[in-house]
Structure formats: C-alpha cells, structure tokens
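# Breakdown of the fold
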Protein chains: 2
Amino acid sequence: MIEPFDVVDLIRGKRDRGTLSTEQIRWLVDAYTRGYVADEQMAAMAMAIFLNGMERREIRDLTLAMIDSGERMSFDGLTKRTTDKHSTGGVGDKITLPLAPLVASFGVAVPQLSGRGLGHTGGTLDKLESIQGWRASVSTERMTEILDEVGAVVCAAGSGLAPADGKLYALRDITGTVESIPLIASSIMSKKIAEGTSALVLDVKFGSGAFLTDIAQSRELAETMVALGEDAGVATSALLTNMNVPLGLAIGNANEVRESVEVLAGGGPADVVELTVALAREMLRLAGQPDADVEAALRDGRAMDTWRAMISAQGGDPDAALPAARETHVVTATTSGVLVEQQALPFGIAAWRLGAGRARKQDPVQHAAGIDLHAKPGDTVTEGQPLFTLSADEPERFSRAIEALDGAYRIGTDGDEIVTGGPLIADRIGS
Amino acid sequence: MIEPFDVVDLIRGKRDRGTLSTEQIRWLVDAYTRGYVADEQMAAMAMAIFLNGMERREIRDLTLAMIDSGERMSFDGLTKRTTDKHSTGGVGDKITLPLAPLVASFGVAVPQLSGRGLGHTGGTLDKLESIQGWRASVSTERMTEILDEVGAVVCAAGSGLAPADGKLYALRDITGTVESIPLIASSIMSKKIAEGTSALVLDVKFGSGAFLTDIAQSRELAETMVALGEDAGVATSALLTNMNVPLGLAIGNANEVRESVEVLAGGGPADVVELTVALAREMLRLAGQPDADVEAALRDGRAMDTWRAMISAQGGDPDAALPAARETHVVTATTSGVLVEQQALPFGIAAWRLGAGRARKQDPVQHAAGIDLHAKPGDTVTEGQPLFTLSADEPERFSRAIEALDGAYRIGTDGDEIVTGGPLIADRIGS
C-alpha cells in the first residue's frame, strides 16, 4: 500500500505549531491502528500535541477517526431513551453507583460503560466488584436485555469500541502525555459517541484531586467535550465540580459501595447526595424529563429497587456482606478545633497505597482497603476523637499511607477560613 | 535491579519546562541504552527537549552520559598532535576530502571519523567510496598506523563509540526531533570527545541548505558545542559558514571527489578553496602551528601527496578513473543576464533524487549521480549556455529532480541583488 503521508512530516508540522488536516488525522489514526506508524512516532506526536495543542476542528477529526477505528454500538432497538454520564475522575467519586439506578428508575436507559482505576482515582468497576458475584463483563445482547428490563447496566467497554483510543491511551500513560485537553477530550468522547448514547452528562472535575487542577483548564475541557458531543448528535452538557476535598466520607471500593447504598436508602453524606441529584436532574432533563422529582425516588425506595435489580442482573448479591479489611488504623485529632482542610490528592494517594488502587494495569485491587473519614471540612472536632480510619489487608501498608497524609489535613480554630476551594458545583456548560 | 527514577516523572518534568538533574540524565541514558526505558518514552522525552530546551549543564550531562555508554578511543601513543573537524552538513560540502590531507601534510594527525549521508546532505564516506578499492572500515590498530605514517584517515566510526547516541539518533530521525540544539550538540560532541581528539574545529552551517537555517540558531549551536569541547579538555573552535548556495560546482559523490582533487592540485572553485584554507588554518592553529602556510601546501603538491597516500592506505587507487553516469541532462539558460540566485536546498534535493543520496539507511547511493554547476551566483550567462548538468544512471530520475529545481535559480539583469545571504564565512566562535 502506498501511504499518502509521511508521518515524520506530520510530527514536524505539529511540532512547529501547525495544524493537521482532516485527511492527515484520519490517515494518522488509521496508520497507527494498523501498526504502520510506530509507537515511538505516536509518542512524539502526542508530546507535540500536548505542548502545542490542537484546534477544535483537529480535535473533532481526531475523535471521529478514533470512533471509525472500531465498531459503533446502537440502542435503536430500545423503546427507552438512553442517557449516559462520564466523570473525569476524582477521590471518593462513587457517584455512578447511586446515579445509574436513580436515573433508570425514571424509565430511562443508562448504559454505563466504565473503566478500572489507575493511579490515585478509583474505578467504578473495581468498586462494584467488591459485591459478591457481580461481574463487569456483559455481552451486547445481555446489555440490551438488562437495559430493557432494569434500565441500568454498568459494565466494561468491549475492546471493539475505538481501539485506536485504547492503544493511544496506553501509550499516553507511559509517555507523560495524559493531561492534555485535546487528547483527554477525544479519548473520552470517542468512546462515548461510539457507545451510541443519545444523551451524555459530563462531570468535569477541577482542584487538587483532579487530573486538571485548574478550573480554567477544566472549563476548556468541558466546553471542548460538549461541542464534540453536540457535533456528533449527542445531547451533551457538563457540570464543573470541585475536587479539592474527597467526595463523601468513603475512599476505596467496598466502603464506597456501602456509602452509595446509604444514598440510595435516602441518607448518605450531603455532598454525595447533592452531586448525585444534580447529575440525575441533568441526565433526566436531556432525556426529556425536566420536572422529574429525583429526591422522591431516593426517599421512596424506587432507586434502591432498581439498584438491587441492576446488581442481581449482573450476578451480584445485593444482600451479601461486603468484604472487611484484616487491619485498621485510626488517626485521631491531636487538638480540639475545626477541621479547616482535607486535601483530596493526598487522601487519594493514601487509599491507593493501602491497596485500593493499582500501580500497573495488571495489578489486582484490594476491595476492603481504603479510608473512612469521620469529619469533613467545617466540622468541629475534639482532641482524641477519630478523624479517619485506614483499612488494609497488610499492616505494612499503613506507614507509607500515613506518610502521604502528612500536611493533608489541618485543625484550626473557629473563624479560620475553611479551605475547600468554593462550592461543590461551580458551573454548568451546555445547552 | 531497583530503578532510582520513574521515567514518566522525568518526561513530565521536562514537559513542564523543568530541568533534569545530573543523576536523572545519567540514569535516563543508561536505562535507555539497556532497554529499560522504551523507545516511545525516549521519543516523548526527545520531543519535550526539542520544544522546551535544555540548560547548558543538562546538555553537558547528556553528552557525558552518552560518552560513558560506550568506549573511548585514545591517540596517546601517537607522537603527533591530533586534530579533527566536523561539519553539520551541507549541499556540495566535500571539504573533508581536501582538508584532511592538507592539514596532515603539516605533520598533524587527522583522525576523521565520518558518516554516511541521509536526506539531502551527502556523506563523506559515500563520496570516497566512489574511488575504486577504497574502504571505509579500518581497525583501530590500522587507524593508528595510518595516522603515524600518512597523518590522515577518514573512516567509519565503530559502533562502540557512544552507542546511546547511535540509538537516540536513529530514534530522532523517525520522530521529527532532529533539529534541536541540545540534541544535535550532544550527539556530535559525544562522538567527537569519545574519539579522543585533542583539538576540534567545527564547521557550523546556516542558511537554506543547512539543518538549522537561522544564523542565530547556528551560532547558539556553535557556542554550545565549543563550550562542551572546552569542558571536556578538547581545544575547540567553530566557523559559522553560509549554506544558502551549494558549495563549489559539484554536488554528488564522484564529481565531488574530482573537485576535491582539483583543489589539492592548486585549483578548484574559489569558495571551496576559501573554506578549505580557513578550516585548515583553524585546525593548525589549535595544533600549535598558527603560522603554517596552508596555500603553499596546496600549490607545491604536499597536500596532494598526502591525499594519494591516504587513499592508498585504505585500499583505494588514486589514479583509477572515477565512475561516470549512464545518462546526463543539460539545463541551459533561457535568457541572457546574471545568475542572481542558486538555492542550496533544492539543488541538494535534486541531487538526492538523481541517486546521489539515500532515503533509508540501508539504501545504496549511485556514485556517479549528481549535479555539475556551470555558473555560480554573480556570473554572467548567455541564452542557451549550459547552466548545470544532471547525471544519473536511470533516465527516469530526471523529471523529479528537475521538479525540485523549479524556482531554485534565477537569471536577472545587471544591477540586481545577488542573493547569497552574505559572505561564505560569517563568524568564528571560540578562543
């Protein structure tokens, strides 16, 4: 086959702040997928994109080319409308767990293709796998059945969706080219568009525990993704949400399932409830139910019923006891006062070091490892009271986790500024 | 083995405009040489270095680390002083051929480890291989013998010198990361320092036919390399020379040998003589002979005698006829006037398309292919007179070569500006 472009010319073009044409991008992604463009060439291109950026048109072309590298799913056979949610990832972010059944309880289909955690942010599939019997792998036929009967399914994306993205994502992970707006936006949106949802709500995080810490960058990412969705005919909106503080009181896997069930039972921490309700309203609005009474579905057990059906449909036992860690370590307040700071990133790293996350793709996670917080910023604490409990299967993990938490929280006096970086939901992007 | 650094952290550091420590650079080069750091990771690092640069200290550390990846040669056993020359490469740049024997005729040892051409600039070894019987491969023992007896040797660098550079250079070539001052400087200087010369003169080109077209960038490269040489105890200086116009009248391989022999016989084009003499003076000055009468050695046959001995020592027959091309094509002046422009780059590309150069490392060159110029900028030309002759073994090569020359030369009228971009030798850098 005669190649229409020279990949070195394309790399040099982006390196020198040029734009890549639609034809060049389509060829690049195709040639990379079939192995004609080598990993080292794509790595150089990814770094050039990271440092020199891409125009909106280039990002759209990249997204479409990655979609075209694989198959597209379709939920046209469903009588329900489909709506999906994606979070850019944060510490204690278990929102998918209560959200999917909550939205599904309104007769909307929520096909939630999720991933596993890598680094300090957890993965939805890892959390659900702490439920006895639950399996992430579901065939496309069974997925449609569950959507029809139950309404919500959370499962692993098949390798047939946007394989170019799968290959590029693995490359970015080892070449320091993850936190790039064009690359993040095209990666997320290629999978979501290929998945065939008709509506999509994005939870784009900012703050110390997010991939993009700066709110201006997160806003740009959100705007880019919303435009990509709209261009592809997917009704898309985004919430910009604060990830300076861990979300909720549980960071880990089994403990996040427990907290999610509390929310579905009408309780749970205020921030988790607030974000779950806001995202559910957004999803239902895009699905044509702007007036849905979301809180009522949490209060009256409809969301919980859907949760139980959703877990059972994938082989899980919603009544089984969740795994407990072999060892725990309680950290207490050394003084009385007000908890004024609780930084997301170090708590995420600490939970990861306890075994809740993985360093390499092939590593397992320890489902009972993690952190339970006993106070949130603004709470009054008394000397000697438990501030948080660390859980791990291996006691030798505690010291490095505690090391990560050095300076990560602070007890001040009444009147000190509470450092949370503003409200939980900073803005909404999209029509 | 426990690795002291995480390569992704190092890539991210350079990506974010940080500096790499001495320990980090030493580890990176070592880990890349032994294959622990993957090509795609080094490609991302190379692009980050290309776009964000390196401090002088980092460049020095990179150079030293690449030297330490292999062996060092030593000419301590020689009674002669050693001096070497390196050119960053240009169109028609055959200067090594007359220069090495000229300098050696003054009793100085010139161990000239050279490369092959890739792209539009030719390689010294390719040119010499058009001489019947001449071989580029010489053992270290034989090299020392030739230096002792003849004084000059031009041969291929062994793979034992700076192997990290060999690996990185091949990677840069396919990842669009060639034209970077830190990477060029460390690549050239690691090999030259490992080679063990006590003095080094650099011919750093600028202009349309050079790797770095901008004179300010070429000056920075020259200053960087001179500092690296001095730091390593090698007496180093550099000339900044103009590569907007092809050097001499011959571009190719056999025809460049012919032109070099003309210079050694006391004739040859004025620009080739000027640069040969200037570089010879510089090399002899660094070797302790500031008053050497270089022109006399060209006039009285001493340089020619050394040339003949040098060629014979490597199996070549200095009296054998040079190969002639099967086909020639003459381009004539379409009007009378003054030749006001003759651009190096298109002439280099045209010669390369005729077969004088190679597209891939493993390709052979055609020794008789190339271009002979019959006029230089400033010359008066008459309608119908030959302007240049293209030579090739395969007549189908002419059309693409002629295509490259479209707009590459221009005949004006008396009084028009002659476009050469200034004098041949723009500046001298170093002590």
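Residues numbered from 1 in each chain as written. Chains lettered and ligands numbered in written order. Predicted model: local features only at pLDDT ≥ 70, side-chain atom pairs only at ≥ 80, totals over all residues. Heavy atoms only, no water.

This brings us to the interface of chain A and chain B. Contact with chain A, which involves 21 residues of that partner, is made by 21 residues of chain B. Interface area for chain A against chain B, summed over the two sides, is near 1700 Å², with a carbon-plus-sulfur share of 66%. For the pair chain A and chain B, the interface holds four salt bridges. Here Arg15 of chain B makes a salt bridge to Glu179 of chain A, at a shortest N to O gap of 2.9 Å. Those elements that place two or more of their residues in the side of chain A that touches chain B are helix H1 (7-15), helix H3 (39-52) and helix H8 (163-174) of chain A. The greatest single-element share of the side of chain A that touches chain B, amounting to ten residues, is contributed by H3 of chain A. For the side of chain A that touches chain B, the class distribution of residues is ten nonpolar, five polar and six charged. (Contact = heavy atoms within 4.5 Å. Buried area = accessible area lost by both parts, 1.4 Å probe. Salt bridge = Lys/Arg side-chain N within 4 Å of Asp/Glu carboxyl O. Helix = DSSP H or I, 4+ residues; strand = E, 2+ residues; numbered from the N terminus. Nonpolar A, V, L, I, M, F, W, Y, C, P; charged D, E, K, R; others polar.)

Each of the two chain copies can be brought onto the other by rotation about an axis and movement along it. Superposing chain A onto chain B takes a rotation of 180 degrees plus a shift of 0.1 Å along the axis, which leaves an RMSD of 0.0 Å. Seen this way, the second copy is the image of the first under a two-fold rotation axis. When C-alpha distances to the rotation axis are compared across chain A, the minimum falls at Glu40 of chain A, with a value of 1.9 Å. When the interface residues of chain A are mapped onto chain B, 100% of them again lie at the interface, so the same face is used by both copies. (Least-squares fit on C-alpha atoms with pLDDT ≥ 70 in both.)

The next subject is the domain arrangement of chain A. Annotation of chain A at the domain level lists domain 1 (7-53), domain 2 (84-158 + 192-320) and domain 3 (327-412). Spacing between the C-alpha centres of domain 1 of chain A and domain 2 of chain A amounts to 33 Å. (Domains from an automatic or database assignment.)

Our next topic: the sheet that holds strand S8 (residues 337-342) of chain A. Residue and element names in this part refer to chain A. In spatial order, the strands read S10-S8-S12; together these three strands make up an open sheet with antiparallel pairing. Since the sheet does not close on itself, it has two edges, and those belong to strand S10 (380-381) and strand S12 (409-412), each with one partner. Bridge analysis of S8 against S12 gives four bridges, and the strand direction is antiparallel. Looking at S12, one finds that Glu341 is bridged to Arg410. (Pairing = 2+ DSSP bridges.)

What follows deals with helix H14 (residues 302-313) of chain A. All names here are of chain A. Relative to the 16 Å expected for twelve residues at 1.5 Å per residue, H14 spans 17 Å between its end C-alpha atoms, a close match to the ideal helical length. Among all positions of H14, only Ala303, Met304, Thr306, Trp307, Met310, Ile311 and Ala313 are buried. The elements touched by buried residues of H14 are helix H5 (96-104), helix H6 (124-128), helix H7 (140-149), strand S3 (152-156), helix H11 (254-264) and helix H13 (294-299). Where H14 ends, the next residue or the one after it, Gly315, has phi of about 85 degrees, a positive value. (Expected span 1.5 Å × (residues − 1). Buried < 20%, exposed > 50% of the residue type's maximum accessible area, 1.4 Å probe, protein only.)

On to unusual backbone geometry, then. Residue and element names in this part refer to chain B. At Arg17, a position not held by glycine, the phi torsion is positive, near 70 degrees. Tracing the chain through its elements places Arg17 in the loop between helix H1 (7-15) and helix H2 (22-33). The exposure class of Arg17 is exposed, given its relative accessible area of 64%. A positive phi angle is found at Ala162, which is not glycine, with a value near 45 degrees.

Quick look at the packing of H8 of chain A against helix H9 (residues 181-194) of chain A now. Residue and element names in this part refer to chain A. Viewed as axis vectors pointing N to C, H8 and H9 meet at an angle of 145 degrees, and their least axial separation amounts to 10 Å. Between H8 and H9 the crossing geometry is left-handed. Across from Asp165, Leu168, Tyr169 and Arg172 in H8, the residues of H9 making contact are Leu183, Ile184, Ser187, Ser190 and Lys191. (Axes fitted to C-alpha atoms, helices over the stretch in contact; angles between N-to-C directions. Left-handed = near helix turned anticlockwise from the far one by under 90°.)

To continue, consider the packing of helix H5 (residues 96-104) of chain B against helix H11 (residues 254-264) of chain B. All names here are of chain B. Interaxial distance between H5 and H11 falls to 8 Å at its minimum, and their mutual angle equals 35 degrees. Considering the relative orientation of H5 and H11, their crossing is right-handed. Contacts between H5 and H11 involve Leu97, Pro98 and Pro101 from the first element and Glu256, Val257, Ser260, Val263 and Leu264 from the second. Its residues placed into classes, the contact of H5 with H11 shows six nonpolar, one polar and one charged.

Below, the discussion takes up the sheet that holds strand S1 (residues 83-87) of chain B. All names here are of chain B. An order of S1-S4-S5-S13 is seen for the four strands of this open sheet, with the pairing classed as mixed. A strand with exactly one partner marks an edge of an open sheet, and here the two such strands are S1 and strand S13 (425-430). The mean inter-strand angle of the sheet, taken between neighbouring strand axes irrespective of direction, is 15 degrees. With five bridges connecting them, strand S5 (residues 235-242) and S13 associate as antiparallel partners. If you follow Leu240 over to S13, its bridge partner there is Asp427. Lying over the sheet, helix H10 (residues 215-231) contacts strand S4 (199-206), S5 and S13, oriented at roughly 165 degrees with respect to S5.

The residue Thr276 of chain A is located in helix H12 (residues 270-286) in this model. For Thr276 of chain A, a relative accessible area of 0% gives the class buried.

Here the focus is the pairing of strand S3 (residues 152-156) of chain B. Residues and elements named next belong to chain B. When you tally the buried positions in S3, you get four out of five residues, the bulk of the element. By the bridge criterion, five bridges tie strand S2 (residues 110-114) to S3 in an arrangement that is parallel. Across the sheet, residue Pro111 finds its bridge partner in S3, namely Val153.

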